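Structural characterization, general
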Amino acid sequence: MLPVRTSRVLRLRPTSDLHSPRLSSSSSSPPSPPSTYSTIAPSSILVTPSHPRPSPTILGIHGLRATPFWSRQTSNQTEVAFNDSKIRDIVQALEANHDTIRREYTELESRVGNDYNDGSTSADHHAAQFVPKDPKVEKEKPQYEFFKKKSKPLSSLHSESLHSKSKSNSNSNSNSNSLHSGSWDWRSFMKKGVFPPPPSPASALFLSHAPFTHSFLHSLLSSGSLFTGTPFGYSFFSTLGAGGKISPHAGPTNLRLRVHLPVKLPPGPAKAGIQCGGVRVDYELGKVVVFDDSYVHSTWNDCLEGERVILLFDVWHPDVGQSEKEGITEMFQYAKEQEWISS
């Protein structure tokens, strides 16, 4: 069993790729975790189509406040659900500086190739994510392998969707194994919950071409809000091309909230948007969208030409306390040390 020091009980959703015997199978018994730890317990989740509810695909924690969207646009401002101060501060800071972030994306996009189809096979996910632009390279990669020693690796959300390895060699084509259709690219900063250290290519490039964005994300790291320490934390610029869609799916965990800041939108009203928990929201330039992606959600760009670009990043659900964050982080570190999950 995986240890976690928390008073709550984490529930692990069974899937065809994930079951408890795999977690404990080993040629030698691992050292026992401290007796003060709680454990992840196998559990079933009942999902009914009549009423949208959170349905994380891998890991859920009970007792967290839940609503599909944590932000709502009014005529004068962006309102935040439950008037949560942590989320409100993030929203206000992003909207006050969206022009700066938009300019930085333009600079970054002109110099850095996207890491969806960079064709790299390097195990170093920091070094692999930035390469010179090469339109001839169109090899799709799985987002990440979560549990090791599986006949079929369990892929989860790299970003806005859960997609498996495609039969196609291009990210611009639809296929039966992918939840997205159309062109979809990203330029990543943080992957798998690891904030890139200063010597890494990701940190160097963002410091050089997107210094405010880097500084802002680092401030979230310092305050304990950025969703680090688990394999489910990401930050990147996501580009959905004209006619692109990401089909309905649910995220891997309800421990996080996902933040979208639109920095580039196609021409015309209501052409790009997101639906979460049955509620539709149309993107507005510079207006933040915060949502709980453990609800079933989808996104689209219905314009015939023009890209939808967002800055995307994950933050801890504000109901997860500091001691729980530490316990959850220790749990995943313990799992890595036992080689149950990939680095």
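In case you missed it, the structure is sitting above this.
Below you will find a few notes about this structure.

How each quantity is defined
Residues numbered from 1 in each chain as written. Predicted model: local features only at pLDDT ≥ 70, side-chain atom pairs only at ≥ 80, totals over all residues. Heavy atoms only, no water. Helix = DSSP H or I, 4+ residues; strand = E, 2+ residues; numbered from the N terminus. Buried < 20%, exposed > 50% of the residue type's maximum accessible area, 1.4 Å probe, protein only. Contact = heavy atoms within 4.5 Å. Areas by Shrake-Rupley, 256 points an atom, 1.4 Å probe, with all protein chains shown as cover. Phe/Tyr/Trp six-rings, centres within 6.5 Å; stacked < 30°, edge-to-face > 60°. Lys NZ or Arg CZ within 6 Å of the ring centre and 35° of its normal. Pairing = 2+ DSSP bridges. Axes fitted to C-alpha atoms, helices over the stretch in contact; angles between N-to-C directions.

**Some points on the overall build of the protein**
- Helix and strand counts for the protein stand at six helices and 17 strands.
- Burial statistics for the protein: of 343 residues in total, 52% are counted as buried.
- Sequence-distant contacts, at least 24 apart, represent 75% of the contacts inside the protein between residues at least 6 apart.
- Surface summary for the protein: the accessible area is close to 15,100 Å², and the carbon and sulfur share equals 51%.

**Observations concerning the packing of aromatic side chains**
- Tallied over the full model, the rule gives 13 aromatic pairs.
- With centroids separated by 5.1 Å and ring planes inclined at 80°, the aromatic side chains of Phe 189 and Phe 195 adopt a geometry described as edge-to-face. Accessibility assignment for this pair places Phe 189 and Phe 195 in one class, buried.
- Geometrically, the ring pair formed by Tyr 334 and Trp 340 is edge-to-face, given 5.8 Å between the ring centres and 70° between the ring planes.
- Taken together, the aromatic side chains of Tyr 105, Phe 189, Phe 195, Phe 206 and Phe 237 make up a single cluster linked through ring pairs.
- The ring of Phe 82 has Arg 65 lying over it, and the distance from NZ or CZ to the ring centre is 4.8 Å.

**Remarks on the sheet that holds strand β15 (residues 289-291)**
- Sheet architecture is open: five strands sit in the order β9-β10-β17-β12-β15, paired in antiparallel fashion. Strand pairing shows two members of the sheet lacking a second neighbour, β9 (184-190) and β15, which therefore form its edges. On average, each strand axis in the sheet is tilted by 20° relative to the strand beside it, whichever way the strands run.
- By the bridge criterion, three bridges tie strand β12 (residues 256-264) to β15 in an arrangement that is antiparallel. By the bridge assignment for β15, Arg 258 is matched with Phe 291.
- Strands in contact with helix α2 (residues 85-96) are β12, β15 and β17 (308-316); relative to β17, the strand with the most contacts, it is inclined by about 155°.

**Some words on the pairing of β12**
- The element β12 is extensively covered by neighbouring structure, given that eight of its nine residues are classed as buried.
- With eight bridges joining them, β12 and β17 adopt antiparallel strand pairing. If you follow Arg 256 over to β17, its bridge partner there is Trp 316.

**Regarding the pairing of strand β13 (residues 272-276)**
- Among the five residues of β13, four are classified as buried, and the element is accordingly described as predominantly covered.
- The pairing of β13 with strand β16 (residues 297-301) spans five bridges and is antiparallel. By the bridge assignment, Cys 276 is partnered in β16 with His 297.
- Taken together, the four bridges between β13 and strand β14 (residues 279-282) define a ladder with antiparallel strand orientation. Following the sheet pairing, Cys 276 is matched in β14 by Val 279.

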